[in-house]
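Report on the structure
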Amino acid sequence: MIPLLRHGKPDGQPRRLTLEILRHNPADPASVPHLQAYEIEEAEGMTLFIALNEIRAQQDPSLMFDFVCRAGICGSCAMLVNGRPGLACRTLTRDLGERITLAPLPVFELIGDLSVNTGKWMRGTSERLQTWIHNDTETDLDAFETRMEPATAEAIYELDRCIECGCCIAGCGTVQMRERFVGAVGLNKIARFRLDPRDTRSDEDFYELIGDDDGVFGCMSLVGCHDVCPKQLPLQTQIAFLRRKMALQGMR
Amino acid sequence: METIHTDVLVIGGGLAGLRAALAARKRGNSVLILSLVPPKRSHSAAAQGGMQASLGNTAKGAGDNEDVHFEDTVRGSDWGNDQEVARLFVHTAPKAVRELASWGVPWNRVQAGEREAIIDNRRVTLSEPEAAHGLITARDFGGTKKWRTCYVSDGTGHAMLYAISDQTIAEGIPVHERMEAVSLIHDGLRCYGAIVRNLIDGKLVAYIARATCIATGGFGRIYQSTTNAVINEGIGAAIALETGVVPLGNMEAVQFHPTAIFPAGILVTEGCRGDGGLLRDVDGHRFMPDYEPEKKELASRDVVSRRMEAHIRSGKGARNRFGEHLWLDITQLGALHIDHKLREVKEICHYFLGIDPARQWIPVRPAQHYSMGGIRTNAHGAAYGLSGLFACGEAACWDLHGFNRLGGNSVAETVVSGMIVGDAIADFCSSSGGDMHLSTALLRECADKVRAEFSAITDNHGPENPAALLGAMQAIMTDKVGIVRHGEQLAEAVRELTELEARSRQIGLRNHRPGANPELTLAWRLQKMLKLAICVAHGARQRTESRGAHFRTDFPRRNDAEWLKRTLAYWTDPAQLVPSLHYEALDVRHMELPPGWRGYGARDAIEHPETAHRMAQIETIRAQLATADRHAVQDALMPFRHLLPRHLCGDNARPGEST
Ligand SMILES: Cc1cc2nc3c(=O)[nH]c(=O)nc-3n(C[C@H](O)[C@H](O)[C@H](O)COP(=O)(O)OP(=O)(O)OC[C@H]3O[C@@H](n4cnc5c(N)ncnc54)[C@H](O)[C@@H]3O)c2cc1C
């Protein structure tokens, strides 16, 4: 986990923070993207969630951003914090310098200021990769559930923890060049369903979905995704493993 | 104005809305879902600890069944819930868990053999049966006799929401994201869909539907200190209330969760205590056994929260810069357990508190958590007052929870009610009631009303600031309509809230950003939230007893003689300052479990005159059926299967029970 840095001054005076926010409203024809600076006083335990809401309540009610759970669980608030993708809600200002730049995640459609349309992108990817259990047997709801090894269930959950925040896409080198690349989020999902004994799809089926340069062979192993994943998913190992499996499948 | 037609409009893309949508779609209807956010970001994703269902697979779950789950739920509700609904629920919950398993939820599983666990501060060895290996396991939660809460580490809601959301994608059900229902289209008798505001461009769209289902979740954000997501503002309930004909039930029944981290209000799951965590005070003393010798830390939430606040008031709170709190100690569970079963808790402690819960105590204090009240429906989820309108999930008062919800019963309710209500919606659509003739004049009238609401805000250049009014409302609710209530403070709260409501009509926007201006959105929502807050405060003021989470120091006893009834709040006339309250009696004569002591908490209820008679009747029935199986006895006491769709009627398989 990330070590916590402290910037508190010895005299206990709160810091003045300057948040430079990349602003743009596509709904307004007159709007041009520009950086706007806001000054606020730091408080103990202040997160970017608290800071941005304070700015909106006290200084600029037009500022757009997305928060939902504000607990690092829902994935709504990913943005570039000093150029690096991360979840704003659980970023403490005390871990940052006095000047903080905030920009919306790249790649995704901009809604306004720090708000981007990750939902549309994720649904599109889900449809393309068919990210659901494929199984034709009718479940008898009155009967015992099918057994599963406890370790298998835990391993599936390990990959199921993705919150579709979009950080891996924003940190991905391939996406810059290849618009349709499914990214770590997409490949991780395939790895998740591949691992799940309840999904009856074979490697042949998965190859159909990701066996090309928009899929697993597009990844250039730049590891951008792995480093920025807020859930610390084992993205690199999963992608490498999947690539070997798909390469084998491709040779058949 | 753009209009969109569908058979079924589901407002809300959380667990309840998605599951109802699937059920209605399965029966051949066209279904469309609206959501403020991408559905997987709904607040259901934040549910951590788990989902109750009486599978009885584990050593500590042995002997569990629907009857035990039923009794726990009714006691938990402090006899405020609808017992028929509770029966539907406990019967269907195992089916819901199993269905979710088939949709990919990676439920934690039983590992046969011996394992260590912490129970009541003692390390014990449990032996899980060989026959149960690989079946779904369960953990302990508050207010339950058995270990019944099925879980996926502490990311249960996330795993459930993703699995169900993926099913809706598989079924091709469209979700219109970043869309907010702002008014129902209705003529006072029937609902025809909703007027919806696009949160990207600010435009209004009419969604016309034969059946409309509100599944918009809770309204925790009317409180300052809450575990709820920032989008839990209760707009779905508010637009139902504003029809004037649909009542909100039991709005004063608001749950406070014992362990929100202090001061941020972010939840750490009840699973912490279920798995053996303890509450400690400023001296490090474990105080809950002093108050609750039977259930200790695992009494129901209302009881534990109240005991905690009382303990703080007695001078035993720990203190930091932000104020007083208590400690949650899970260090004895060990790093390995926390890394596997409480990993969200670990992350939350790391990021928001900078501590490691395997080594340090967590500062906690109760915070608003759950809305038991909501749109009042019947057992099929049909809203009172308007045909064609349904509700399910936390937005509804189906009335599973009465005055206190048990942990783990809510995500279970969302899915179970989604299954049942979605099916009832399909029945409605295929009946003559599902036919519809909407006049364009009515549609125009409804749309004009909404436009007028927004322009009244944008055209007003008054002195008020919506963010300041919102903060004022939240402070009033937390200070005066919180865990411990008193008539005088409640009266003050109602007065102050009605003043705020008047001021909310004098807002002057400071910006006119084109598109969906967030300040306008806030100002508009604020007026609705104030109405809900007034329903809560006024309902609490009028209810002169204590029941479940509604606790009044001036009326500390549960009073079944006078208050065994559900509050129904109507806002008939837009000009009225407080809602009209009506009451719906709960009928002791038909209860399977007549009112009594909960097994924890106070033991001083004022008895209902019918209780003794009903008890005697039940004794007789039980004696007559002494040799019958438990299903037959239950059926004689309070039949419920006639309320279920046929495909959900079967008995549930369970270890040690033949079906
Ligand atoms: C932190 C936390 C942890 C919890 N843990 C547990 C647990 O372990 N076990 C348990 O049983 N319960 C738990 N609960 C309770 C449980 O999670 C919720 O009660 C339940 O998930 C609510 O589901 P829902 O589908 O009713 O609503 P939500 O999941 O809140 O979904 C509401 C949906 O409605 C949409 N919406 C809202 N208003 C509008 C509108 N006007 N127009 C269009 N769309 C709208 C939203 O976008 C969202 O999609 C927890 C609650 C919290 C706060």
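Just so it is clear, the model here is predicted, and its values are computed rather than measured. (Residues numbered from 1 in each chain as written. Chains lettered and ligands numbered in written order. Predicted model: local features only at pLDDT ≥ 70, side-chain atom pairs only at ≥ 80, totals over all residues. Heavy atoms only, no water.)

Looking only at helices and strands, chain A has 9 helices and 7 strands in total. Its C-alpha atoms put chain A at 65 × 40 × 35 Å along the principal axes. Here chain A holds 252 residues, and the buried ones make up 56% of them. When contacts within chain A are restricted to residue pairs at least 6 apart in sequence, those whose partners lie at least 24 apart make up 63%. One way to put it: in chain A the 28 positive side-chain charges average out to a point 4 Å from where the 36 negative ones average out. (Helix = DSSP H or I, 4+ residues; strand = E, 2+ residues; numbered from the N terminus. Buried < 20%, exposed > 50% of the residue type's maximum accessible area, 1.4 Å probe, protein only. Contact = heavy atoms within 4.5 Å. Lys, Arg positive; Asp, Glu negative; His and termini not counted. Charge placed at Lys NZ, Arg CZ, Asp CG, Glu CD.)

What follows is about the overall build of chain B. A count of helical and extended segments in chain B gives 18 helices and 21 strands. Its C-alpha atoms give chain B a radius of gyration of 24 Å, near enough to 26 Å, the size a compact globule of 659 residues would have. For chain B, the spread of C-alpha atoms along the three principal axes comes to 70 × 60 × 50 Å. Scored against the burial criterion, the 659 residues of chain B give a buried share of 67%. In the structure as shown, chain B presents an accessible area of about 20,900 Å², 50% of it carried by carbon and sulfur atoms. One finds the centroid of the 74 positive side-chain charges in chain B at a distance of 2 Å from the centroid of its 77 negative side-chain charges. (Rg over C-alpha atoms; globule rule 2.2 N^0.38 Å. Areas by Shrake-Rupley, 256 points an atom, 1.4 Å probe, with all protein chains shown as cover.)

Bringing helix α4 (residues 156–170) of chain B into the picture now. All names here are of chain B. The end-to-end C-alpha distance of α4, which contains 15 residues, comes to 21 Å, matching closely the 21 Å that a straight helix rising 1.5 Å per residue would cover. Counted residue by residue, α4 has 14 buried out of 15 residues, so it is predominantly covered. Gly-172 sits one or two residues past α4 and shows a positive phi near 70°. (Expected span 1.5 Å × (residues − 1).)

To continue, consider the interface of chain A and chain B. Contact with chain A, which involves 79 residues of that partner, is made by 90 residues of chain B. Interface of chain A and chain B: buried area, both sides summed, is about 6,500 Å²; carbon and sulfur atoms make up 52% of it. On the chain A side of the interface with chain B, the three residues burying the most area are Arg-70, Leu-141 and Glu-145 of chain A, jointly 11% of the side's total. Run the count over chain A and chain B and you get 13 salt bridges. When the shortest N-O distance is used, the salt bridge between Glu-154 of chain A and Lys-341 of chain B registers 3.9 Å. Put simply, chain A and chain B have 42 residue pairs in polar contact (both at pLDDT 80 or more) between them. Secondary structure elements with two or more residues in the side of chain A that touches chain B: α1 (48–58), β6 (110–112), β7 (115–116), α2 (118–129), α3 (150–160) and α6 (183–195) of chain A. If you tally residues by element for the side of chain A that touches chain B, the top one is α3 of chain A, at 7 residues. In terms of residue class, the side of chain A that touches chain B is built from 34 nonpolar, 18 polar and 27 charged. (Buried area = accessible area lost by both parts, 1.4 Å probe. Salt bridge = Lys/Arg side-chain N within 4 Å of Asp/Glu carboxyl O. Polar contact = N/O pair within 3.5 Å; in protein donor to acceptor, adjacent residues only side chain to side chain. Nonpolar A, V, L, I, M, F, W, Y, C, P; charged D, E, K, R; others polar.)

To continue, consider the side chain of Arg-109 of chain B. Along the polypeptide, Arg-109 of chain B turns up in the loop between α3 (83–102) and β4 (113–119). The charged side chain of Arg-109 of chain B is buried without a salt bridge, its nearest counter-charge being Glu-145 of chain A at 5.0 Å. Only 2.9 Å separates the side chain of Arg-109 of chain B from the backbone oxygen of Thr-146 of chain A, close enough to count as a polar contact. Reaching out from Arg-109 of chain B, the side chain makes a polar contact with the backbone oxygen of Gly-134 of chain B at a distance of 2.9 Å.

Moving on to the state of the cysteines. All names here are of chain B. Within this structure, the stated rule accounts for 0 disulfides over all chains. As a non-bridged cysteine, Cys-446 has Cys-191 as the owner of its nearest cysteine sulfur, 9.2 Å distant. Overall, Cys-446 belongs to the buried group, its relative accessible area being 9%. Residue Cys-535 stays outside any disulfide, its sulfur separated by 12 Å from that of Cys-397, the closest cysteine. A relative accessible area of 1% places Cys-535 in the buried class. (Disulfide = S-S within 2.5 Å.)

Attention shifts here to the confidence of the model for chain B. When pLDDT is averaged across chain B, the result is 96; 100% of the residues are at 70 or more. Interface confidence for the predicted complex, given as ipTM, is 0.96, next to a pTM of 0.97. (pLDDT = per-residue confidence, 0-100.)

A few words on the pattern of salt bridges. All names here are of chain B. According to the stated counting rule, one finds 87 salt bridges over all chains in the structure shown. The shortest N-O distance in the salt bridge between Arg-19 and Glu-99 comes to 2.9 Å. Placement of Arg-19 in helix α1 (residues 15–26) and of Glu-99 in helix α3 is noted, with a sequence separation of 80 residues between them. Glu-99 carries the same exposure label as Arg-19, and that label is buried. Residue Glu-453 is joined to Lys-528 by a salt bridge in which the shortest nitrogen-to-oxygen separation is 3.0 Å. Placement of the pair is Glu-453 in helix α12 (residues 440–458) and Lys-528 in helix α15 (residues 518–542), with a sequence separation of 75 residues. Lys-528 carries the same exposure label as Glu-453, and that label is buried. Taken together, the salt bridges that share partners define one network made up of Asp-78, Glu-252, Asp-302, Arg-306, Arg-543, Glu-545, Arg-547, Arg-558, Asp-560 and Arg-598.

Residues and elements named next belong to chain B. Looking at the element boundaries, Leu-34 is found in strand β2 (residues 31–35). Separated by 563 residues in sequence, Leu-34 and Trp-597 have C-alpha atoms that sit 43 Å apart. If sequence neighbours within four positions are ignored, Leu-34 has contacts with Leu-9, Val-10, Ile-11, Gly-12, Gly-13, His-176, Met-179, Val-196 and Tyr-207.

Next up on the list: the packing of aromatic side chains. Under the counting rule described, the total for this entry stands at 10 aromatic pairs over all chains. Between Tyr-223 of chain B and Phe-256 of chain B, the aromatic rings sit 5.7 Å apart at their centres with planes inclined by 90°, giving edge-to-face as the arrangement. Remark: Phe-256 of chain B occurs in strand β12 (residues 254–261) and Tyr-223 of chain B occurs in the loop between β10 (204–214) and α5 (235–241); sequence separation between them is 33 residues. Under the relative-accessibility criterion, Tyr-223 of chain B is labelled buried at 1%. Here Phe-256 of chain B falls in the buried class, since its relative accessible area comes to 6%. Here the basic side chain of Arg-56 of chain A rests over the ring of Phe-65 of chain A, its NZ or CZ set 4.1 Å away from the ring centre. Sitting over the ring of Phe-193 of chain A, Arg-192 of chain A keeps its end group 4.5 Å from the ring centre. (Phe/Tyr/Trp six-rings, centres within 6.5 Å; stacked < 30°, edge-to-face > 60°. Lys NZ or Arg CZ within 6 Å of the ring centre and 35° of its normal.)

Turning our eyes to something else, we now look at the pairing of strand β5 (residues 99–103) of chain A. Residues and elements named next belong to chain A. Relative to β5, strand β1 (residues 16–23) runs parallel, the two being bridged by 4 bridges. Opposite Thr-18, over in β5, you have Arg-99 as the bridge partner. Sheet topology places strand β3 (residues 78–81) next to β5; 2 bridges connect them, and they run antiparallel. Of the residues in β5, the one forming a bridge with Leu-80 is Ala-103. (Pairing = 2+ DSSP bridges.)

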